Amino acid sequence: MDAIETDRLEGTKETVSDLENSKHIFRSSNQIENGDVINSESDDLCAEKVGACMTGDASIKLNDMSHISVANKASKKSKEHRRMNSHRLVTQYIVPCMTTYGLCTVDNFLGPKMGDKVLQEVSALRLSGKLKAGKLAGQQSDANSAIRGDKIMWVQGNERGCENIGYLLSRMDKLIMHADGKLGPYRIRGRHKAMVACYPGNGTGYVRHVDNPNGDGRCITCIYYLNKNWDAKVNGGVLRIFPEEKSYVADIEPIFDRLLFFWSDRRNPHEVQPSYSLRYAVTVWYFDAEERAEAKKKFRILTATEQEENFSQ
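Residues numbered from 1 in each chain as written. Predicted model: local features only at pLDDT ≥ 70, side-chain atom pairs only at ≥ 80, totals over all residues. Heavy atoms only, no water.

### A look at the overall build of the chain
Stated formally: Counting from the N terminus, the helices are DSSP H or I runs at least four residues long and the strands are E runs at least two residues long. The cut-offs for exposure are 20% and 50% of the maximum accessible area for each residue type, with area from a 1.4 Å probe on protein chains only; residues under the lower value are buried, those over the upper are exposed, and the others partly exposed. What makes two residues a contact is simply this: any of their non-hydrogen atoms within 4.5 Å. Computed with the Shrake-Rupley method and a 1.4 Å probe, the accessible areas treat only the protein chains shown as cover for residues.
In terms of helices and strands, the chain carries 6 helices and 16 strands. The proportion of buried residues among the 313 residues of the chain is 53%. Long-range contacts, defined as pairs at least 24 residues apart, comprise 81% of the intrachain contacts of the chain with a sequence gap of at least 6. Accessible surface, the chain: about 15100 Å² in total, of which carbon and sulfur atoms supply 48%.

Spelled out as structure tokens, the structure:
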């Protein structure tokens, strides 16, 4: 795969789930219901830096692979080093975690300097007033803050003032290209535009939902968090994932420079818990080529049928 193409199918579900979470900590759902939430250390997916994924008897730990100075970016040696590290990150960490748990986090993804540049651009978009209330599928009004309280903007990454967001997207794309053919049966050839999102910090969240419940093509949700000094006990905003047919849930805090992957379909219902501070995230959905093509076909047929019905009335 030479490149990831962006693709947006009008009329399909735009219910982007903002995710947030501290460590990938799995908690027993029974304990949560009983009000006695404890950490299940045997299923702790996150360690310092990039993290550790338990696969059988092997614990795979990778050092932070993303801290490559911008000054060395033009160097062939530096680029080759980054390419090799991205390959190892995918094959030794992301793929095993996604296969075993259906989700994984990568901390310190861009490094503090690049992370700061992305944060500055996202903050500037909010201050410009360009972020608008997120809408639910099939709804035109924004009177749904009790369900979904974020403000969003769709970004290609090549707009003026979004150059560093574009760099972030290119880094995400490279990981997905390295994973081509390794993440389940999917053949990934495209993705959605990036959704820049902000919860204003007034106690709003996003109720439990599924990103792709009806086969619109989205197979992997990828979220990058931009929130410095985040303390879930004070700021809230945890993304809680309810893995299908599992006895635990996964709580993820939206900490600065954290990247999160999870399956977009019904295997991972999730919710964003109330946030009491400004909370930023950049979300991208990657498409399975076959499912996406089928979704587009169904959409064209549906649109043509509706036009015929309207014409005949």
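### Points about the nonpolar core
The condition that has to hold: What makes a nonpolar core is a set of buried Ala, Val, Leu, Ile, Met, Phe, Trp, Tyr and Cys residues whose side-chain atoms join them at distances within 4.5 Å.
Residues Ile-94, Tyr-224 and Phe-261 are the most contacted members of the largest nonpolar core, which totals 47 residues. Sequence-distant contacts of Phe-261, defined by excluding residues within four places in its chain, comprise Ile-94, Met-98, Gly-102, Leu-103, Cys-104, Val-106, Leu-175, Ile-176, Ile-220, Thr-221 and Cys-222. Grouped together as the second largest cluster of nonpolar side chains are 16 residues, Tyr-225, Ile-241, Tyr-248 and Phe-262 included.

### Quick notes on the confidence of the model for the chain
This is how it is decided: pLDDT is defined as a per-residue confidence score from the predictor, taking values between 0 and 100.
Per-residue confidence for the chain averages 78 on the pLDDT scale, and 68% of its residues sit at or above 70. The low-confidence segment residues 28–75, where pLDDT is below 50, has 106 contacts with residues more than four positions distant or belonging to other chains.

### Here's the deal with the environment of Ser-86
Following the sequence through the fold, Ser-86 ends up in helix H2 (residues 76–101). When its relative accessible area of 10% is taken as the criterion, Ser-86 is described as buried. Residues contacting Ser-86, with those up to four places away along its chain left out, are Leu-175 and His-178.

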